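Examination of the molecular architecture
Residue strings, one per chain:
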Amino acid sequence: MPSPTGGPPPVTATNRRRSVFLGRMSLPERNFVADALRTETVGGVILLVAAVFALVWANSPLSASYRSTVAFTFGPGSLHLDLSVGHWAADGLLTVFFFVAGVELKRELVAGELRRPSAAALPVIAAVCGMAAPALVYAVVNAAGDGSLQGWAVPTATDIAFALAVLAVLGTALPSALRAFLLTLAVVDDLFAILIIAVFFTSGINLVALALALAGLVLFRLLLRKEVRGWYVYVPLALVNWALMHASGVHATIAGVAMGLMLRCHRREGEERSPGERIEHLVRPLSAGLAVPLFALFSAGVPIAGGALAEVFGRPETLGVVLGLVVGKAVGVFGGTWLAARFTRAELNPDLAWADVLAVATLAGIGFTVSLLIGELAFEGDQVLTEEVKAAVLIGSLTSAVLAAVLLKLRNDKYRRICEDEERDEDRDGVPDVYKWADPEFHLRMAAIHEAKAAEHRRLAEVARSGDTGEDESGMIGG
């Protein structure tokens, strides 16, 4: 039952027991998510610019310089690190991205939305279905068209930075609960993408290098447990662990994930932030603002001439990627969410509608960064097909973005009203009013504020009755 004054409903034993999907987060979680999404949004806009620049460069008269830059090789050959610029971007820079993903996953598991099985069930089921459905769509298209099943994992990932960049460009005021749901989906997506890369794209294991990499990770963990401090200890060790993981044959980004998962992400008494949260706060801007955009710069430059685009819809591999992102993601995320809510008897937030979940599910079809990486790994050795798959990722992501934009714009006025309610702070103490509705002191403060306003209006009424409007010569009310 809504409050008689138009605020949130009063807290009762009945609605405390009720499971609400996409309901209000706790204030600390809301603040953390807002800070993380703010950084990702800025990084997403930079990512969008980098991708557009790559496309322009690769399709300009200077296209030969783009290809030669991506293919340029440097690094110590004795350590098997004489890699091309493209490989340094995919294996090196994306390690920073996956390190942040590891920290983010650890924090979600110990202090965030995934720490309680009941709260985690809905977004995890939605994310799993949102990865299974695109893979199934890809498999069906390629089985029917006699194509290769190697790329089944390409359309399974969601790019949170690119999705938020779309929201920023559109100016869509997405409520915090929907943004948090999208972020949780992306976190679970990243976890399964890590597992997919580790299991399906690892070959030719060098057991000695792998053993040394594992020993380095154990040392990293021991130093953390002993609370040894100093970037000059951890950064060199992290680089050694990365190089050993690369030499082992396991994709080097796995080292970044493993080290991220080792950080302590629960707060001790007297701590404003855990070590994991502090390091994530420092590294996330580097990941979102530099590492991922540079990867996009050296990976997204594919031919988009008429013939190349026609090939995307003429090959089962590329058509499967497009349909997997556009159809599979939307159906998977929305269907998984609806089924999970149906069987767990969770009630959708009354301020929202299932159309909002469909819009977010469609937005999840933006699978840029990890999809490009998996596309490179899946079709390594076939440069033509790799570029066509990249083009398919771009087309699928762009189509999902346009469809999501239409769905979100239809509800944008509603979203703005929800966001205004979420941000309102009439007593100006820095905490939104919705988090103080059960606090008697808040209502006493608001009563005093309204009484002061009422007293001022009574005074102005008396002034008006007496004929003295209090206006000066310019017509402005004095006092």
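Described in the following lines is the structure provided in the data block. Computed from a prediction, not measured in an experiment: that's the story for all the values here.

**Let's talk about the side chain of S371**
- With respect to the helices and strands, the residue S371 is situated in helix α15 (residues 368-378).
- Beyond its immediate sequence surroundings of up to four residues, S371 is in contact with V154, P155, A157, L325 and V393.

**Notes on helix α8 (residues 207-225)**
- Along its 19 residues, α8 runs 27 Å from first to last C-alpha, staying within 8% of the 27 Å computed at 1.5 Å per residue.
- Buried residues of α8: A209, A213, G216, L217, F220 and L223, and no others. Axial view of α8: buried residues confined to an arc of 120°, hence all on one face. Summarising the geometry of α8, the exposed residues directed more than 90 degrees from the buried face are L207, V208, V218 and R225.
- Taking the backbone nitrogen of V208 as reference, a side-chain oxygen 3.2 Å away marks N206 as the first, capping residue of α8.
- E227 occupies a position one or two residues after α8 and carries a positive phi of about 60°.

**Here we look at the pattern of salt bridges**
- Applying the stated criterion across every chain, the model contains 13 salt bridges.
- Among the salt bridges present, the one from K390 reaches E376, with a minimum N-O distance of 3.0 Å. In this pair, K390 sits in helix α16 (residues 383-410) while E376 sits in helix α15, placing the two residues 14 residues apart along the sequence. Each member of the pair, K390 together with E376, is buried.
- When the shortest N-O distance is used, the salt bridge between R459 and E456 registers 2.8 Å. Of this pair, R459 and E456 are both found in helix α18 (residues 440-465), three residues apart, which corresponds to roughly one turn of the helix.
- The partly exposed category is assigned to R459, whose relative accessible area is 40%.
- What emerges from the salt-bridge pattern is a single network uniting E104, E280 and R284.

**Examining helix α9 (residues 231-248)**
- Counted at 1.5 Å a residue, the expected span for α9 with its 18 residues is 26 Å, and the 25 Å between its end C-alpha atoms agrees.
- Within the span of α9, buried status applies to Y234, L237, N241, W242, M245, H246 and S248.
- Contacts made by the buried residues of α9 are with β3 (83-84), α4 (85-110), α8 and α10 (253-262).
- Positive backbone phi, at 100°, marks G249, one or two positions downstream of α9.

**A word on the packing of α8 against α10**
- Direction vectors running N to C along α8 and α10 enclose 20°, while the axes themselves pass 10 Å from each other. As the angle between them shows, α8 and α10 are arranged roughly parallel. As α8 runs across α10, the sense of the crossing is right-handed. Of α10, the residues touching α8 (which contributes L217, F220, R221 and L224) are A255, A258, M259 and M262.

Here is what the cut-offs are and how they apply
- Residues numbered from 1 in each chain as written.
- Predicted model: local features only at pLDDT ≥ 70, side-chain atom pairs only at ≥ 80, totals over all residues.
- Heavy atoms only, no water.
- Helix = DSSP H or I, 4+ residues; strand = E, 2+ residues; numbered from the N terminus.
- Contact = heavy atoms within 4.5 Å.
- Expected span 1.5 Å × (residues − 1).
- Buried < 20%, exposed > 50% of the residue type's maximum accessible area, 1.4 Å probe, protein only.
- Arc of directions from axis to C-beta.
- Polar contact = N/O pair within 3.5 Å; in protein donor to acceptor, adjacent residues only side chain to side chain.
- Salt bridge = Lys/Arg side-chain N within 4 Å of Asp/Glu carboxyl O.
- Axes fitted to C-alpha atoms, helices over the stretch in contact; angles between N-to-C directions.
- Parallel < 35°, antiparallel > 145°, perpendicular 65-115°, else oblique.
- Left-handed = near helix turned anticlockwise from the far one by under 90°.

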